[in-house]
Amino acid sequence: MQGATAAAGAAANTSQGLDVAKLRADFPILLRTINGHPLVYFDSAASSQKPTHVIQTLTDYYERHHANVHRGMHTLAAEATDMYEAVRRKAARFIGGVDPSTVIFTRNATEAINLVAYSWGEQNISAGDEILISVMEHHANIVPWVRLCEKTGATLKTIPLDENYGLDLSDIDTLINKNTKLVALTRMSNALGTINNLAPIFKKAHAVGAVTLVDAAQSAPHMPTDVQELDCDFLALSGHKALGPTGAGILYGKAELLDNMPPFLGGGEMIELVTFEKVTYNHVPHKFEAGTPAIADVVGFGAALDYLMELGMENIREHEKEITAYALDKLSQFEWLKIYGPADVDKRGAAVSFTVEGAHPHDIAQYLDSYGFAVRAGHHCAQPLMKALGVTATTRASFYIYNTLSEVDSMCEALAEARDFFKV
Ligand code: PLP
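None of these values were measured; they are calculated from a predicted model.

Peer 1: Help me understand the confidence of the model for the chain, please; the structure alone is not making it clear to me.
Peer 2: Low-pLDDT stretches of the model should not have their predicted coordinates read in fine detail. Per-residue confidence for the chain gives a mean pLDDT of 95; residues scoring 70 or more make up 96%. Below pLDDT 50 for its whole length, residues 2-14 participates in 31 contacts with residues either more than four positions away or in separate chains.

Peer 1: Which parts of the structure should I look at to understand the packing of aromatic side chains?
Peer 2: One pass over the full model with this rule turns up 14 aromatic pairs. Ring centres 5.5 Å apart and planes at 40° place the aromatic pair Y118 and F264 in the tilted group. Taken together, the residues span a long stretch of sequence, with Y118 in helix α5 (residues 109-124) and F264 in the loop between α10 (255-260) and β11 (271-274) at a distance of 146 residues. The partly exposed category is assigned to Y118, whose relative accessible area is 29%. On the accessibility criterion, F264 (24% relative accessible area) is partly exposed. A centroid spacing of 5.3 Å and a plane angle of 45° characterise the contact between Y367 and F421, whose relative ring orientation is tilted. With Y367 in helix α13 (residues 361-369) and F421 in helix α15 (residues 405-422), this residue pair connects regions lying 54 residues apart in the sequence. On the basis of relative accessibility, which here comes to 57%, the residue F421 falls in the exposed class. Above the ring of Y340, the side-chain terminus of K338 is found at 5.1 Å from the ring centroid.

Peer 1: Whenever I open this one, the packing of helix α4 (residues 75-94) against helix α11 (residues 295-311) confuses me. Can you help?
Peer 2: In helix packing, the relevant descriptors are the interaxial angle and the interaxial distance, both defined with respect to the helix axes. Packing of α4 against α11 brings their axes to within 9 Å, and their N-to-C directions diverge by 40°. On the basis of their axis angle, the class for α4 and α11 is oblique. α11 is crossed by α4, and the crossing has left-handed handedness. Within the contact between the two elements, α4 uses A80, M83, Y84, V87, K90, A91, R93 and F94 and α11 uses I295, V298, V299, F301, G302, L305, D306, L308 and M309. For the contact of α4 with α11, the per-class residue count stands at 13 nonpolar, one polar and three charged.

Peer 1: I keep staring at the nonpolar core and nothing clicks. Help me out?
Peer 2: General note: in soluble globular proteins, nonpolar side chains tend to be found buried as a group. Counting 75 residues, the largest nonpolar core has I95, L235, L243, L385, L389, I401 and Y402 as its most contacted members. If you look at the next biggest cluster of nonpolar residues, it comprises 32 residues, including F354, A359, A365 and C412.

Peer 1: Honestly, the sheet that holds strand β7 (residues 180-186) in this entry has me stumped. Any pointers?
Peer 2: Where strands meet in a sheet, backbone hydrogen bonds hold them as pairs that are either parallel or antiparallel. Strand order in the open sheet formed by seven strands is β4-β10-β9-β8-β7-β5-β6, and the pairing between neighbours is mixed. One side of each edge strand has no neighbouring strand; the edge strands of this open sheet are β4 (103-106) and β6 (155-159). When the angles between neighbouring strand axes are averaged without regard to direction, this sheet yields 20°. Summarising the sheet, strand β5 (residues 130-134) and β6 pair through five bridges and their orientation is parallel. Note that in β6 the partner of S134 across the bridge is I159.

Peer 1: How should the site of the ligand be read in this particular structure?
Peer 2: T110, D215, S238, H240 and K241 are the nearest of the 13 residues found near the ligand. D215 places a polar side-chain atom, nitrogen or oxygen, 2.5 Å from a nitrogen atom of the ligand. Contact between the ligand and K241: an oxygen atom at 2.5 Å from a side-chain N or O atom of the residue. Relative to its free-state accessible area of 390 Å², the ligand is covered by the protein chains to the extent of 88%. In the shell around the ligand, the residues fall into three nonpolar, eight polar and two charged.

Peer 1: What am I meant to see in the pairing of strand β10 (residues 249-253) here?
Peer 2: In regular strands, side chains alternate between the two faces of the sheet. Buried residues dominate β10, accounting for five of its five residues. Residues G249, L251 and G253 line one face of β10 and the alternating positions I250 and Y252 line the opposite face, and both faces are buried. As paired strands, β4 and β10 are joined by four bridges and run antiparallel to one another. Bridge pairing links F105 to I250 in β10. With five bridges joining them, strand β9 (residues 234-238) and β10 adopt antiparallel strand pairing. Counterpart to L237 in the pairing with β10 is I250.

Peer 1: Explain the environment of L328 here, please?
Peer 2: Its place among the elements puts L328 in helix α12 (residues 313-331). Look at L328 and you get buried, because its relative accessible area is 9%. Through-space distance from the C-alpha of L328 to that of P342 is 9.6 Å; in sequence the pair is 14 residues apart. Here L328 is in contact with I339, P342, A343, V345, R348 and V352, once residues within four sequence places are set aside.

Peer 1: Got a minute to help me understand the packing of helix α3 (residues 52-65) against α4 in this structure?
Peer 2: Look at α3 against α4: their axes get within 10 Å of each other, and the N-to-C directions meet at 160°. Judged on the interaxial angle alone, α4 and α3 are roughly antiparallel. Contact residues: Y61, R64 and H65 in α3; L76, E79, A80 and M83 in α4.

So, how was this worked out
Residues numbered from 1 in each chain as written. Predicted model: local features only at pLDDT ≥ 70, side-chain atom pairs only at ≥ 80, totals over all residues. Heavy atoms only, no water. pLDDT = per-residue confidence, 0-100. Contact = heavy atoms within 4.5 Å. Phe/Tyr/Trp six-rings, centres within 6.5 Å; stacked < 30°, edge-to-face > 60°. Helix = DSSP H or I, 4+ residues; strand = E, 2+ residues; numbered from the N terminus. Buried < 20%, exposed > 50% of the residue type's maximum accessible area, 1.4 Å probe, protein only. Lys NZ or Arg CZ within 6 Å of the ring centre and 35° of its normal. Axes fitted to C-alpha atoms, helices over the stretch in contact; angles between N-to-C directions. Parallel < 35°, antiparallel > 145°, perpendicular 65-115°, else oblique. Left-handed = near helix turned anticlockwise from the far one by under 90°. Nonpolar A, V, L, I, M, F, W, Y, C, P; charged D, E, K, R; others polar. Core = buried A, V, L, I, M, F, W, Y, C linked by side-chain atoms within 4.5 Å. Pairing = 2+ DSSP bridges. Near = heavy atom within 4 Å. Polar contact = N/O pair within 3.5 Å; in protein donor to acceptor, adjacent residues only side chain to side chain. Areas by Shrake-Rupley, 256 points an atom, 1.4 Å probe, with all protein chains shown as cover.

Below, the structure written as structure tokens:
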């Protein structure tokens, strides 16, 4: 395959708002070759790559500032605490300008959702209650609720898919009823790319007194997030999908909910007074941050947030709409390739799932890897969704700020070649 090397190397500036050619230079990993070809990284929905700014912030933190946070009386402890707490304020701005004390650092979106399931869930859910999610959820927004239902005798209900890979809301007034206590939905599907319009659903949820949670793991790195506009009670996201290091994510929660919730984990930092008989707890957010947090990763996440906010989330969204529209147009010209996800880029993000007739999704991913393309294949931690689609797996190419139209061209060339290779 000729095209991949030349085309992938030439990073076209694909959109007005982002200088893609320039920003690619910020990502050292993009200089790598894989199997003799320039890396084309189309797996950002799983985890994004990191700009030098984030990598250097981590190094600088460890070289010059590291100490444990909150407890220390010395200069380094104060510096580390200031750096860590500054990220809380940044994250609060990033999700729409909330009170920083409503932002809790977690390891990732999975831990954030589990925190709600264990803490809020065990206090507020009992037999006869209903929890509503959707068929397109990632396992991170399924498994904690299945477990909570098993423990409490509550029932898990699901919103099905419509024919355009969106949420089928035809039965929403039955699905949301007086028994509904929680509505937990993804804003952007990792496997379909679908962007869900959550506000009207949450309005109905609030009307019956239910609490709402947004899984923003896929949406937050790729489009503006405003928890007030979403009108959600909780929101979970992972820093590593948004240019940050692994190990730092956030849970946002409305203050009155967080104040009334019991702690998730017990230990240092989260307490006020400890005796062998009784423990009183620290105030929010520290009540939910037991033990030494991932200080360096949080500080690195702050650098990622700076980078994203500097680019502008609207600009990022526009760039991704452009590259996704281009990819959908090219891929839909292959009659042997089926795309799973909305055709309208206004209703979707940049994760594009597909299958190739006659070839297993894993084989396609391996074939692409032999030319340097990193794509994902499998059930994408969405087994119920795969079942609803009638497949066991798909191949997924997911785009981010550093991807170019010419990289999409090269992948399409490689896919055409793969199709010939696997055709029986
Ligand atoms: N929710 C969605 C929609 C995701 O795509 C993912 C990860 O792919 C998660 C939750 C879980 O993210 P993490 O593994 O970072 O906790």
